[in-house]
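Residues per chain, in single letters:
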Amino acid sequence: MAVHEKKESFKEHNDRGSILLAFYFVLTLLIPNLVLLYTEPYSIWSAEASLFIPMGFYLMWSAVLKRSGIMIWLAFPLVVLAAFQIVLLYLFGNSIIATDMFTNLLTTNPEEAGELLSNIYPSIIIVCAIYLPLLWFASRDIGQRHCLSKTARKNIALIGLSSFILGGLFLAPAYKVSEDKRVLKTDIFPVNVFYNIGLCGSEFRKMYRFEHTSEDFTYHARRTAEASKREIYVYVIGEASRAANWQLYGYHRETNPCLTRTEGLVVFRNTVTQSNTTHKSVPLILSSVKTDQHEELYRRKGLPALFKETGFKTWFLSNQRPQGAMIDKLAKDADSLVYLPEPRYDMQLLEAMKRVIAEDPEHDLLIILHCYGSHFTYHQRYPREFARFLPDDNVAINRKNVEKLVNAYDNSIYYTDHSRRRSNISARSKTTARRCSTVPITAKIFSTTNGSASCTPPLRRLFISSMSPIWDGFRRNIDGNSRKKSKRPATTNPHRPQPTPCFKAWPISLRSKATSSIRPTRWSVRHSTTGHRAAI
């Protein structure tokens, strides 16, 4: 009799422990949903649905098998997504895990990822404190062979089903008040995240088929005028540079002392970026695709291919590592693709450019420089002699370190200013007997408020054009046109923000009426997919 009572007591204890573990599992997975209720502008109906639908599903999931520990480990992908969401909420303060964030995760090199993770350790500690005990208790539950009773499983499943149905009932009014009628895809975590994972997978499939889908594309480009001397075009793509921190755009600090004194500099003051992520914005910089032609990105070749068609030898010099993204696909169209070794300071690109020009004195050249710019960690983007604003210690991302982070970021801009100034000087120094092109400078925006985790509107973009004085009449004509348009919005669609001038479908007609002993090269270009012609 005593033995029987002892067994019953042991079963009851095990059952109670498994029930508590099941509800602990549900509670930890609901933490992102509870935070998103506070951070996101959900309607009351969407808020109710975003809480009751996941809670119901988690409860039913935990009762599928009688051993809760096994079900928790089978739900490990959900645990990872919940932890990932909490980290992003810590970093950016709002929004779900967007498609771009998954793409960033798959294309960011280990060096950049390590730099970021080392500076967000508070959020890592938080998610470890939440989810590691859950996984430990689940493993312990499996090891001790604890089981839910049939009655407990039935009750948990009924509670879960009731919650799930109640949440489903809230969906009808939620869809009614929603403007885009996409409540499940946008408001219900983790359903919206799985939807974004599907979109990310679709983009990667298109990217990996790029060589096949673009193999027949051609610009049909040809020169309609020949220059009497060699042509060298240098195109500089910056990274993570906010216009708000540039002295040229009214910033109170002297972050651009060199460019401020540069003759012939044109600053475009009313431009926006089409994306706040590298894997989207840089491919659009390198292609003729506009922001409303996203699918065309996988069918058209880019800037190196265009110049190769006209007889130029093309170089792509990158201060970043291969990313496995569309940037690499377009860069591979160049005759030569070079990734510079560490340390990754952007002035290394200038030395590489000098060697390219010196070692190839005959060919017309297109040289694309892809900089590291102001990528986080800012403190590591410049040599110590450019640490103008102090203190600039390498510190974690949090509010108490704002001053140091801003100082380090401004120092990276200060270093960029010097490297761009030297790129102008380097290019001009090669034009004693040769001709050098204009040197456009573009930079992708980094948003400290929204970041790359959110589907945010286009942000203010930096765009500068520096004209070489070698061209005289041609330069005066372009310079005048550029100055006239420097304050205009860079848009092709009047109803929404659009990208900078460099993102418009190029080639763009640049016809000089001024007399000059050196005529610019002109191309006649026809896109094979559209039949559109343009001339440079």
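Residues numbered from 1 in each chain as written. Predicted model: local features only at pLDDT ≥ 70, side-chain atom pairs only at ≥ 80, totals over all residues. Heavy atoms only, no water.

(A) Structural detail: the overall build of the chain. When helices and strands are tallied, the chain shows 18 helices and eleven strands. Within the chain, buried positions represent 53% of all 536 residues. Of all intrachain contacts in the chain linking residues separated by at least 6 positions in sequence, the fraction that spans at least 24 positions is 77%. Working note: accessible area of the chain is about 24,700 Å², and carbon and sulfur atoms make up 59% of it. (Helix = DSSP H or I, 4+ residues; strand = E, 2+ residues; numbered from the N terminus. Buried < 20%, exposed > 50% of the residue type's maximum accessible area, 1.4 Å probe, protein only. Contact = heavy atoms within 4.5 Å. Areas by Shrake-Rupley, 256 points an atom, 1.4 Å probe, with all protein chains shown as cover.)

(B) Structural context of helix α10 (residues 191-208). Relative to the 26 Å expected for 18 residues at 1.5 Å per residue, α10 spans 26 Å between its end C-alpha atoms, a close match to the ideal helical length. Where α10 is concerned, the buried positions are Asn192, Val193, Asn196, Cys200, Phe204 and Met207. Take α10 and look down its axis: the buried residues cluster within an arc of 120 degrees, on one side only. In the core, the buried residues of α10 are packed alongside α4 (76-92), α5 (99-107), α9 (183-186), α11 (210-213) and α15 (326-331). (Expected span 1.5 Å × (residues − 1). Arc of directions from axis to C-beta.)

(C) Quick look at the nonpolar core. With 40 residues, the main nonpolar core has Ile97, Phe102, Val193, Ile237, Leu286, Met326 and Ile368 as its most contacted residues. With five residues, the top contributor of residues to this core is α4. (Core = buried A, V, L, I, M, F, W, Y, C linked by side-chain atoms within 4.5 Å.)

(D) Representation of helix α16 (residues 347-359). Taking 1.5 Å per residue as the helical rise, α16 with its 13 residues ought to reach 18 Å, and the 19 Å between its terminal C-alpha atoms agrees with that figure. Within the span of α16, buried status applies to Met347, Leu349, Leu350, Ala352, Met353, Val356 and Ile357.

(E) Summary view of the side chain of Arg230. Residue position: Arg230 is located in the loop between β1 (222-225) and β2 (231-238). The charged side chain of Arg230 is buried without a salt bridge, its nearest counter-charge being Asp360 at 4.8 Å. A polar side-chain atom of Arg230 sits 2.6 Å from the main-chain carbonyl oxygen of Asp360. A polar atom in the side chain of Arg230 sits 3.0 Å from the backbone oxygen of His363. (Lys, Arg positive; Asp, Glu negative; His and termini not counted. Salt bridge = Lys/Arg side-chain N within 4 Å of Asp/Glu carboxyl O. Polar contact = N/O pair within 3.5 Å; in protein donor to acceptor, adjacent residues only side chain to side chain.)

(F) A look at the packing of helix α2 (residues 44-62) against helix α8 (residues 150-177). At a minimum axis distance of 7 Å, the contact between α2 and α8 shows a crossing angle of 155 degrees. Accordingly, the angle class assigned to the pair α2 and α8 is roughly antiparallel. The element α2 and its partner α8 pack so that their crossing is left-handed. Its residues assigned to classes, the contact of α2 with α8 comprises 19 nonpolar, seven polar and one charged. (Axes fitted to C-alpha atoms, helices over the stretch in contact; angles between N-to-C directions. Parallel < 35°, antiparallel > 145°, perpendicular 65-115°, else oblique. Left-handed = near helix turned anticlockwise from the far one by under 90°. Nonpolar A, V, L, I, M, F, W, Y, C, P; charged D, E, K, R; others polar.)

(G) Broad picture of the environment of Met60. Its location among the elements puts Met60 in helix α2. What makes Met60 partly exposed here is its relative accessible area of 25%. It is 8.7 Å that separates the C-alpha atoms of Met60 and Arg153, two residues lying 93 residues apart in sequence. Setting aside residues up to four positions removed in sequence, Met60 forms contacts with Ala157, Gly160, Leu161 and Phe164.

(H) Structural context of unusual backbone geometry. For the bond from Phe189 to Pro190, the omega torsion is 5 degrees, close enough to zero to count as cis. In this fold, Pro190 is placed in the loop between α9 and α10. Along the chain, Leu390 connects to Pro391 via a cis peptide bond; the corresponding omega equals 0 degrees. Mapped onto the elements, Pro391 comes out in the loop between β6 (365-370) and α17 (402-429). Positive phi values are uncommon outside glycine, yet Ser95 reaches one of about 75 degrees. On the secondary structure map, Ser95 appears in the loop between α4 and α5.

(I) Seen up close, a nonpolar patch on the surface. A cluster of nonpolar side chains, contributed by Leu161, Ile165, Leu166 and Leu169, occupies part of the molecular surface with about 350 Å² of accessible area. The residue Leu169 is located in helix α8 in this model. Leu169 sits in the exposed class, given a relative accessible area of 58%. (Patch = residues over 30% accessible without salt bridge, like charges linked within 9 Å, V, L, I, M, F, W, Y side chains within 5 Å.)

(J) Main features of the packing of aromatic side chains. Applying the stated criterion to the full structure yields 19 aromatic pairs. Here Phe204 and Tyr208 contribute two aromatic rings whose centre-to-centre distance is 6.0 Å and whose plane-to-plane angle is 40 degrees, an arrangement assigned as tilted. Residue Phe204 and its partner Tyr208 are both found in helix α10; the two are separated by four residues, about one turn of the helix. Residue class for Tyr208 comes out exposed when judged on its relative accessible area of 54%. On the basis of an interplanar angle of 70 degrees and a centroid distance of 4.9 Å, the ring pair of Phe386 and Tyr415 is categorised as edge-to-face. With Phe386 in the loop between β6 and α17 and Tyr415 in helix α17, this pair connects stretches of sequence that are 29 residues apart. Both residues of the pair, Phe386 and Tyr415, belong to the buried class. Through pairs of rings, three or more aromatic residues link up here, namely Phe25, Phe57, Tyr58 and Trp61. Lying over the aromatic face of Tyr372, Arg381 brings its terminal NZ or CZ to 4.2 Å of the ring centre. (Phe/Tyr/Trp six-rings, centres within 6.5 Å; stacked < 30°, edge-to-face > 60°. Lys NZ or Arg CZ within 6 Å of the ring centre and 35° of its normal.)

(K) Up close: the packing of α5 against α10. Following both chains from N to C, one finds α5 and α10 inclined at 55 degrees, their axes separated by 8 Å at the closest point. Comparing the axis directions of α5 and α10 gives the class oblique. In the packing of α5 onto α10, the handedness of the crossing is right-handed. Contacts between α5 and α10 involve Thr99, Phe102, Thr103, Leu106 and Thr107 from the former and Val193, Asn196, Ile197, Leu199, Cys200 and Phe204 from the latter. Considered class by class, the residues forming the contact of α5 with α10 number seven nonpolar, four polar and no charged.

(L) Spotlight on the pairing of β2. Counting buried residues in β2 gives eight out of eight residues, a clear majority hidden from the surface. Burial of β2 is two-sided: the residues Glu231, Tyr233, Tyr235 and Ile237 facing one way and the residues Ile232, Val234, Val236 and Gly238 facing the other way are all buried.

(M) Region of interest: the pattern of salt bridges. This structure, assessed with the given rule, holds 15 salt bridges. Note that Arg388 is salt-bridged to Glu254, the shortest N-O span being 3.1 Å. Residue Arg388 is located in the loop between β6 and α17, and its partner Glu254 is located in the loop between β2 and α12 (257-260); the two are separated by 134 residues in the primary sequence. Each of the salt bridges in this network shares a partner with another, and the network as a whole consists of Glu203, Lys206 and Glu295.

(N) The arrangement of the confidence of the model for the chain in detail. Per-residue confidence for the chain gives a mean pLDDT of 77; residues scoring 70 or more make up 74%. Contacts of residues 431-458 to residues separated by more than four positions or lying in other chains number 113 contacts, the stretch itself having pLDDT below 50. pLDDT under 50 marks residues 491-536. Its contacts with residues more than four places away, or in other chains, come to 136 contacts. (pLDDT = per-residue confidence, 0-100.)

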